[in-house]
Amino acid sequence: MQHKPVADTASSALQPSGMYCPVREEGSLPVQHEQLRWSWGRVAGLVVAAACAAAGAVIAVRDHRLLPGKTSAAEALMEFGECAVVTDTAYVYTEPVNSFIENVATADECCQKCQRSHHHPCKSWIWVDNLKRCYTNSGRPVQRVVKQGYVSGMSTLAPETNPAPTTSTRPPTPTLPSTSSTFATAAPVPSMITTPMATAAPVPNTPATPMVPPVVTPTPAAPAPLPVPPAPQPGFSGAASNGSSIQGGQKVKDAFAGFLSLWRDSYQDNDGSVPEVDDSSLPSAFSGIKTKIVVSSGGAAGGVVTEGMGYGIMVEGFKAASGDSEAMTNGLGLLRSWLGMVNGPDKYPHPFGGGNGKSAEAATAVDKFPYGVSAIKGPRGGYSGVASWRFPIDQCRPPCQGSATDGDEDAILGTIYLSSAQGNPADFVDLVVRSIISFASADLGFPDLYRTLPDGQRMFVPKGGSLWGGLLPTEGPFKGVQEPWCYNPSYFAPGHYRVFRDYVHKYWRREFDPYLPKHLDGKPSTLQEMVAAFDGAITAGYNLLYYSSCSSGAVGNWVGVKTECEDKEALNCEGVPWATTPYVGKSGTCSASGTTFGSYGADACRTPWRIAMDYILHPGDSTRVTIYDRQGKVDSSVVYNAKTYLNGMANQYKDNAQCNAVKGDCAAVGTTKTATFKLAVAFDQGPHMTCANVPNFAQSWLAAFMAWPTFTAFVAPLDSMTPADNSKWLDTFASICDFSGGKPTGDICAASYFELGQEVVATMVMSGAVVPLANVPWTPTSTPSQATGTTTRSAATTPPLAFARCFGLGLFSAMLRTV
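Residues numbered from 1 in each chain as written. Predicted model: local features only at pLDDT ≥ 70, side-chain atom pairs only at ≥ 80, totals over all residues. Heavy atoms only, no water.

A. Geometry of the overall build of the protein. Looking only at helices and strands, the protein has 19 helices and 16 strands in total. The 819 residues of the protein split such that 59% are buried. Taking the contacts inside the protein whose residues are at least 6 apart along the sequence as the reference set, 76% of them involve residues at least 24 apart. (Helix = DSSP H or I, 4+ residues; strand = E, 2+ residues; numbered from the N terminus. Buried < 20%, exposed > 50% of the residue type's maximum accessible area, 1.4 Å probe, protein only. Contact = heavy atoms within 4.5 Å.)

The structure is reproduced here in structure tokens:
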């Protein structure tokens, strides 16, 4: 997700006393501080050269990748705190720009703003003269191109000041946009770029297309740091004091172990319910692995459904990442089943994927119904992607077809963790990347199904699956098969999308480019466009959650996202998906899977743990969310993000339950088990369970699938409690069930499929089993390079090259200073 800080054109307010930020052309000197230019510059340069000569060191800043081919001494001077710049030049990045600032009068002012940026660490910047716009980026450029009127530079970060405090706010009653409102014309968006080559591209003789990332969205002020809590109490095992997530103690871990054991009892060897796939078409990790299935039951489930398979692969992926060998075997067995479902039954064209079964192109061609690519063929001939939601498919009339977004995203997240637990072998990475692309295309609508906000941002809305929902048009070849403009907020998984985005960004190789679906006009899409699509889905999802939830965290099962294009067959146009949410248009409703529109029920119940996972996996990014009004303009008065959502649900317990876990008075009389009636009143009788955004009554908390997901809200710290207090609440919830007899006993301790799915996922989240990908202990099989992203550098050749470059830069820097 990108953020656009509010512009401040008063450079004096950003220039602290003593800050030195000269605008400097390559090889030239600033006019100010003339008395400093020889002494310290020469000494510093000679010191660098001497250090390199003595130790063969490499000038390196963390995350810094030197510009290939044309690195200059001026750019190396950033090490000494100056803003080194190049004129008539645009930097090229492998990642999207983090933010931009409007109304920046000079390149010098852009440099100053980069140094004083606290929305994100700023390491480099680009100033565009005719736009008076300053792009800032948290990474280093990898290439540059000639571009008249552009000034680019690199900078060090000035000391940070405390950000302003924030306050959570709630949306007003929906007000429909005026029919006469018009969209502001977006500023020209520079073209997207793909991963660059290891050497710089030749500088063109004519001005190149501007190589700066696309326009990004504004953001409210960053949340204030949490107060330092008191020292942890004896027995506390759950929380960090730096804003990271909180986990429960041993009681929560025991509950997770108990529910996981029961969940694994639902695994069976494949009985023919799903198609088998040969080892020859799979990564080598599958050799000798038996196909396993999750047997589901109840509601719309029955047989093998992707929801249950997704839970299984995700849970086993996290356990495998912690070193659980049984989880690795289980996870690969379930994933093998998933890949068989993607390939499809023998009597249908392969792959079946998320298509309609009428042709292979329904799953592999973006320009055939349904819109999007849902299965992609790999180098061994096997397919990876998303699958039909239910198997055997002849349980439905007509046969079950089309993917389900919720199961797909959970399965792919688990696949990523299974890959990481193995060290990300190349053949498994290839499988993961194809799965991620398929999800982005079939379930999010990448590359062409989106709405453009007035500021130029493209919003992608998760569909119900490959065949229906979200922003699919009501007419034409890509018309959805169920109720139009219908959206399920519990399908929104922002933590998953960030992991998908970061994974493809990290492991992308040029041979993956052909996997990307083309635009309908035949133009190829790019990695950067897909990364932006995930960011757009995250922004859209949080805005839709804001307009479809109450302060208690209650959210509707189904809500509307109607924003119809003038051309009713079009896939994209200007529009605001949440303009009339929760309604479909002015007052319409929609529903699917037998649950009620605008009611907190069996679909919506999953929302809390999905948002909790975002907070655990991305504690920083998940608290930086831009909220727009119903006309698509940034509403800087609103602070709403993963933490504020979770805190609202936690406060529902804290303010309305008949007990206080911190005081330890939630146990039933004469037992150590938690009395559920003391907690149930917070949701079944408490306030804020309905509101303008959730107009219909909620399902009872006393159903296990309703209660357990709400407990995950306490993984996010509350400003009014210590982390140890949060952990006490988590342990109190875990004490509802007694596992001493094997199967759990207690008021809301179920062992049936759907309830058990929510129990095992919720306790996984509460127990600390969900960890950021960076915390997974593995050794990569290859080191990314600028050329392909996978090639390991030769230890025999790298040190001399690094030494020569380092020595030359230091010496040349010193020589320039003496001219």
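B. Fine view of the pairing of strand β3 (residues 124-128). Counting buried positions over the five residues of β3 gives five, a clear majority of the element. A two-sided burial pattern is seen for β3, the buried positions comprising Ser124, Ile126 and Val128 on one face and Trp125 and Trp127 on the other. The pairing of β3 with strand β4 (residues 133-137) spans five bridges and is classified as antiparallel. Opposite Trp125, over in β4, you have Thr136 as the bridge partner. Linking β3 to β4, which pair antiparallel, is a turn of four residues; within it Lys132 sits at a positive phi near 50°. As judged from the five bridges shared by β3 and strand β5 (residues 143-154), these two strands associate in the antiparallel manner. (Pairing = 2+ DSSP bridges.)

C. Summary view of the packing of aromatic side chains. Summed over all chains, the structure comprises 38 aromatic pairs. For the ring pair Trp729 and Phe733, a centre distance of 5.8 Å and an interplane angle of 40° mean the geometry is tilted. Of the two residues, Trp729 and Phe733 are both situated in helix α17 (residues 723-734); the distance of four residues between them amounts to about one turn of the helix. Grouping residues by exposure puts Trp729 and Phe733 together as buried. Ring pairing ties together the aromatic residues Phe259, Tyr653, Phe683, Trp701, Trp708, Phe711, Phe714, Trp729, Phe733 and Phe739, which thus form one cluster. (Phe/Tyr/Trp six-rings, centres within 6.5 Å; stacked < 30°, edge-to-face > 60°.)

D. Expanded view of the nonpolar core. Grouped together as the largest cluster of nonpolar side chains are 177 residues, with contacts concentrated most on Tyr497, Met530, Tyr653, Leu679 and Phe711. Residue contributions to this core peak at 12 residues, all from helix α12 (residues 527-546). Leaving out residues up to four positions away in the same chain, Tyr653 has contacts with Leu679, Ala682, Phe683, Trp701, Ala707, Thr710, Phe711, Phe714, Trp729 and Phe733. (Core = buried A, V, L, I, M, F, W, Y, C linked by side-chain atoms within 4.5 Å.)

E. Structural detail: the pattern of salt bridges. Inspection of the entire model under this criterion finds 21 salt bridges. The residue Arg264 makes a salt bridge to Glu316 at a minimum N-O spacing of 2.8 Å. On the criterion of sequence distance, the pair formed by Arg264 in helix α5 (residues 250-264) and Glu316 in helix α6 (residues 306-321) is long-range, its members being 52 residues apart. Pair check on accessibility: Arg264 and Glu316 agree, each one buried. Note that Lys643 is salt-bridged to Asp719, the shortest N-O span being 3.5 Å. (Salt bridge = Lys/Arg side-chain N within 4 Å of Asp/Glu carboxyl O.)

F. Inspection of helix α10 (residues 426-442) at higher detail. Here α10 is 17 residues long and its end C-alpha atoms lie 24 Å apart, about the 24 Å a rise of 1.5 Å per residue gives. With 15 of 17 residues buried, α10 is to be regarded as a mostly interior element. (Expected span 1.5 Å × (residues − 1).)

G. Spotlight on the side chain of Ser273. Inspection of the secondary structure puts Ser273 in the loop between β6 (267-269) and β7 (292-294). Of the residues examined, Ser273 reaches a relative accessible area of 15% and is grouped as buried. At 2.5 Å, the side chain of Ser273 and the side chain of Asp271 are in polar contact. Those residues in contact with Ser273 that sit more than four places away from it in its chain are Ile293, Val304, Phe391 and Pro392. (Polar contact = N/O pair within 3.5 Å; in protein donor to acceptor, adjacent residues only side chain to side chain.)

H. Seen up close, the environment of Asp635. Relative to the elements of secondary structure, Asp635 occurs in the loop between α13 (607-617) and α14 (642-656). Its relative accessible area of 22% is what places Asp635 among the partly exposed residues. Contacts of Asp635, omitting those with residues within four sequence positions, involve Ile627, Tyr628 and Asp629.

I. Representation of the environment of Ser438 within the structure. Tracing the sequence through the fold places Ser438 in helix α10. Looking at Ser438, the relative accessible area reads 0%, which means it is buried. Between the alpha carbons of Ser438 and Val373 there is a distance of 5.6 Å; along the sequence they are 65 residues apart. Excluding anything up to four places from it in sequence, Ser438 contacts Val373, Ser374, Ala375, Ile376, Ser384, Gly385, Val386 and Asp443.

J. Local environment of the sheet that holds strand β16 (residues 572-574). Taken in spatial order, the three strands make up an open sheet running β13-β12-β16, and their pairing is mixed. The sheet terminates laterally at β13 (458-459) and β16, the two strands that pair on one side only. The pairing of strand β12 (residues 450-452) with β16 spans three bridges and is classified as parallel. Bridge pairing in β16 places Thr452 opposite Glu574.

K. Region of interest: unusual backbone geometry. Going from Phe369 to Pro370, the amide bond is cis rather than trans, its omega being -5°. Relative to the helices and strands, Pro370 resides in the loop between α8 (361-364) and β9 (375-377). A positive phi angle is found at Lys132, which is not glycine, with a value near 50°. With respect to the helices and strands, the residue Lys132 is situated in the loop between β3 and β4. Even without being a glycine, Ser593 presents a positive backbone phi close to 60°. Turning to its location among the elements, Ser593 is positioned in the loop between β16 and α13.

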